[in-house]
Amino acid sequence: MKKVLIFLTNHGTLGDTDEANGTFSPELTHALDVFLKADVYYDLASIKGGTAPLYGTDIADDEVNTAILANDEFQNRINNTLVAAKVNIDDYDAIFYPGGFGLLSDLASDESVAVLSARHYEQGGILAAVCHGPAGLLPITLSDGRKLLEDVVVTGFTREEEVDYGTIDKIPFLLEESLTRNAKQYRKGQPWHELVIKDNRVITGQNPASAHAVAAALVKHLA
């Protein structure tokens, strides 16, 4: 059975504000729905381990999100995430970073997780991320000293979408700008429309609407 390691944020607010945040639930649950239907096993990990904060858990008319959140096994995992530094990265076939503003405050700069992702990638593994998830790719440095993103085309949450969502003045940094400066190329489509970029073994999606497609692309790559 194929296995995916999912890195989640421990940061529970929107930047330095007091607004509850963390991982945006539908970007995790819609990906998990794809993985589970494809018989792909998953583990949840975070920098500190323990509970990983979620938001977007009360969205109406999202049956996938509601069903996954109601699952006892999922609740056990989300409240007892693995400590990333204690994970054996060799046990996994892919790594996935779901989005949410929380990771802009931890995974976007954490070296311990970046080292694991670099090792995984250099051993032939797949890296996938959606929405703000590509921020987790920023600190990844390969063994030759080059940043992963230097040779990779990516997408991620756009400036227009930050403006629409009302977060442009609250976030720690603008993801679009950071990806544009650091990646080989940053691409974006219309706000809130699905966009997935596949560049060799790096798969990125622009926004929440892209979560299912990113997971599906990852599963296809694992086949």
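Residues numbered from 1 in each chain as written. Predicted model: local features only at pLDDT ≥ 70, side-chain atom pairs only at ≥ 80, totals over all residues. Heavy atoms only, no water.

A. View of the packing of helix 1 (residues 25-37) against helix 7 (residues 211-222). At a closest axis distance of 8 Å, the pairing of helix 1 and helix 7 adopts a crossing angle of 35°. Considering the relative orientation of helix 1 and helix 7, their crossing is right-handed. Taking contact as the criterion, the partners of P26, E27, H30, A31, V34 and F35 in helix 1 are, on helix 7, A211, H212, A215, A216, L218 and V219. The residue inventory of the contact of helix 1 with helix 7, partitioned by class, reads 9 nonpolar, 2 polar and 1 charged. (Axes fitted to C-alpha atoms, helices over the stretch in contact; angles between N-to-C directions. Helix = DSSP H or I, 4+ residues; strand = E, 2+ residues; numbered from the N terminus. Left-handed = near helix turned anticlockwise from the far one by under 90°. Contact = heavy atoms within 4.5 Å. Nonpolar A, V, L, I, M, F, W, Y, C, P; charged D, E, K, R; others polar.)

B. Quick look at the pairing of strand 7 (residues 126-130). Strand 7 sits mainly inside the fold: 5 of its 5 residues count as buried. Side chains I126, A128 and V130 project from strand 7 onto one buried face, and the interleaved L127 and A129 project onto a second face that is buried too. The pairing of strand 6 (residues 94-97) with strand 7 spans 4 bridges and is classified as parallel. Directly across from Y97, in strand 7, lies its bridge partner A129. (Buried < 20%, exposed > 50% of the residue type's maximum accessible area, 1.4 Å probe, protein only. Pairing = 2+ DSSP bridges.)

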